There are 2 protein chains.
Amino acid sequence: MMFAPPLAALIEAFQKLPGVGPKSAMRLALYVLKQPASYANQLAVALTQARESMAPCSCCGCLTDVHPCATCSNAERDHRLVCVVPESSDVFALERTRHFKGVYHVLGGLISPLDGVGPETLTIEVLLQRLGGGEVEEIILALPPSTEGDTTSLYLARLLNPLPVKLTRIAFGLPVGGELEYADSLTLLRALDGRQALV
Amino acid sequence: MMFAPPLAALIEAFQKLPGVGPKSAMRLALYVLKQPASYANQLAVALTQARESMAPCSCCGCLTDVHPCATCSNAERDHRLVCVVPESSDVFALERTRHFKGVYHVLGGLISPLDGVGPETLTIEVLLQRLGGGEVEEIILALPPSTEGDTTSLYLARLLNPLPVKLTRIAFGLPVGGELEYADSLTLLRALDGRQALV
């Protein structure tokens, strides 16, 4: 038995989402068909409108529906402090802390030669242009402690080192609520390496 | 920081899908925005078209885009044998076995007084009408071994008992590949209860 073509098309479309296999895709499709038609329409309209109106900010690269984005155009943010992150989702995560008052720069990924992602595919050129303005005083690299994150940090450090700007990287160590006993060795190693003087 | 309205609307729509929480919804939304616009459009069109063209078969209740459905209108299927299942997804699961040659009847749920689902909300009336034709010789109840499945089986057994039709229920027991050691007690009880003579 084959699925009816409209159902098969919906399952196929759902299956392209990350973490959705054939079985989940069928479950999602049948769920949508069991709901009132208004839900399918709501999701369809939301998809089309979001895809049409959201684009990377020409300044920082974060997804936005206004240009420049709300953060870049906000005079109350500290434009001397730029936090460099891989993706827009990382901006949203940092904004949830409600404590960072600087601005962002979204790279659009991390350097990963194995995946064919070189520095030229990232928004590094735009970052250099931003620094050319002379307003930026500190760049915080908020890149993850992975091979790709470390490679990208090293690349940016070498590139930005000659510029008159302070360069820092976020701290790695034991997460809040984490226990030494359950932490992996690499995390503990980073926690020891990053130890701070008490007073 | 609030999400931009088009992004917030997409996250909200994704979040209504089963098993998708706020974090997964954001992940799915950002994934869609990172893909070429053709993907968002493909999913939007698939949603609208599937919701518009798929409806329960007037005969068996299974989701279909042609009426009656391909199974009900197939003269090569054994219309004397009707397998009663809760949902369309169960029909698709049974069809994957490629061995059942009868037809189906989708109840549209299971009797569950706690959830306010009574027999009158299921397609039991339609099932009785099908049986009125006199063609059906056996009804197989393929309802799960749960409180709701057992209740529904019992209800149907009482209702259909006076009719000149053979009534059976699928077997419950140890799944293929399952081990006695890891099976729960209720499954083992069902396996013992349903034991078969070895010739």
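Since the structure is predicted, the reported quantities are computational estimates derived from the model, not experimental observations.

Participant: Tell me about the sheet that holds strand β4 (residues 102–106) of chain A, and please be specific about residues and values.
Facilitator: Residue and element names in this part refer to chain A. Across the sheet, four strands lie side by side as β4-β3-β5-β6; this open sheet has parallel pairing. With one partner strand each, in any of the chains shown, β4 and β6 (166–169) form the two edges of the open sheet. In this sheet, neighbouring strand axes are inclined to one another by 25° on average, regardless of whether the strands run parallel or antiparallel. Note: strand β3 (residues 78–85) against strand β5 (residues 138–141), four bridges, orientation parallel. Paired with Cys 83 across the strands is Ile 140, a residue of β5. The strands touched by helix α5 (residues 124–132) are β3, β4 and β5; relative to β4, the strand with the most contacts, the crossing angle is about 150°.

Participant: How would you sum up the interface of chain B and chain A? Please name residues and give values.
Facilitator: Frequently, the measure chosen for interface size is the accessible area removed from exposure when the parts meet. Contacts between the two partners involve 48 residues from chain B and, on the opposite side, 48 residues from chain A. Here chain B and chain A share an interface that buries about 4600 Å² over both sides, 72% of which is from carbon and sulfur atoms. Counting across the interface, chain B meets chain A through two salt bridges. When the shortest N-O distance is used, the salt bridge between A:Lys34 and B:Glu87 registers 2.9 Å. Inspection of the chain B/chain A interface yields ten residue pairs in polar contact (both at pLDDT 80 or more).

Participant: Could you give an account of the packing of helix α3 (residues 37–53) of chain A against helix α3 (residues 37–53) of chain B, naming the residues involved and the relevant values?
Facilitator: Here α3(A) crosses α3(B) at 165°, and the two axes come no closer than 9 Å. Between α3(A) and α3(B), the angle is such that the two are roughly antiparallel. Crossing geometry of α3(A) relative to α3(B) is assigned as left-handed. On α3(B), the residues that touch A:Ala37, A:Ala40, A:Asn41, A:Leu43, A:Ala44, A:Leu47, A:Thr48 and A:Arg51 of α3(A) are B:Ala37, B:Ala40, B:Asn41, B:Leu43, B:Ala44, B:Leu47, B:Thr48 and B:Arg51. When the residues that make up the contact of α3(A) with α3(B) are grouped by side-chain class, the tally is ten nonpolar, four polar and two charged.

Participant: Outline the pattern of salt bridges, supporting the account with residue identities and numerical values.
Facilitator: Residues and elements named next belong to chain A. Here the structure, examined in full by the defined rule, presents ten salt bridges over all chains. Between Arg 80 and Asp 78 there is a salt bridge, and its shortest N-O distance comes to 3.0 Å. On the basis of relative accessibility, which here comes to 42%, the residue Arg 80 falls in the partly exposed class.

Participant: Explain the nonpolar core to me, using residue names and the numbers behind them.
Facilitator: In terms of nonpolar packing, the biggest core is built from 77 residues, with A:Phe14, A:Leu47, B:Phe14 and B:Leu47 touching the most fellow members. Other than its neighbours up to four places away in sequence, B:Phe14 contacts A:Leu17, A:Tyr39, A:Leu43, A:Leu47, B:Val20, B:Ala25, B:Leu28, B:Ala29 and B:Val32.

Participant: Explain the pairing of β3(A) to me, and be specific about the residues and the numbers.
Facilitator: Here β3(A) pairs with β4(A) via five bridges, running parallel. For A:Asp78, the partnering residue across the bridge sits in β4(A) and is A:Gly102.

Participant: Could you give an account of the relation of the copies chain B and chain A, with specific residues and numbers?
Facilitator: Both copies of the chain are tied together by a single rotation about an axis and a shift running along it. Note on the copies: chain B fits chain A at an RMSD of 0.1 Å, the axial shift is 0.0 Å, and the rotation between them is 179°. The superposition of one copy onto the other is thereby described by a two-fold rotation axis. Distance from the rotation axis, computed per C-alpha, reaches its smallest value in chain B at B:Ala44: 2.0 Å. Interface overlap between copies: 100% of the residues of chain B at the interface are likewise at the interface in chain A, consistent with a symmetric, same-surface contact.

Rules and cut-offs
- Residues numbered from 1 in each chain as written.
- Chains lettered and ligands numbered in written order.
- Predicted model: local features only at pLDDT ≥ 70, side-chain atom pairs only at ≥ 80, totals over all residues.
- Heavy atoms only, no water.
- Pairing = 2+ DSSP bridges.
- Helix = DSSP H or I, 4+ residues; strand = E, 2+ residues; numbered from the N terminus.
- Axes fitted to C-alpha atoms, helices over the stretch in contact; angles between N-to-C directions.
- Contact = heavy atoms within 4.5 Å.
- Buried area = accessible area lost by both parts, 1.4 Å probe.
- Salt bridge = Lys/Arg side-chain N within 4 Å of Asp/Glu carboxyl O.
- Polar contact = N/O pair within 3.5 Å; in protein donor to acceptor, adjacent residues only side chain to side chain.
- Parallel < 35°, antiparallel > 145°, perpendicular 65-115°, else oblique.
- Left-handed = near helix turned anticlockwise from the far one by under 90°.
- Nonpolar A, V, L, I, M, F, W, Y, C, P; charged D, E, K, R; others polar.
- Buried < 20%, exposed > 50% of the residue type's maximum accessible area, 1.4 Å probe, protein only.
- Core = buried A, V, L, I, M, F, W, Y, C linked by side-chain atoms within 4.5 Å.
- Least-squares fit on C-alpha atoms with pLDDT ≥ 70 in both.

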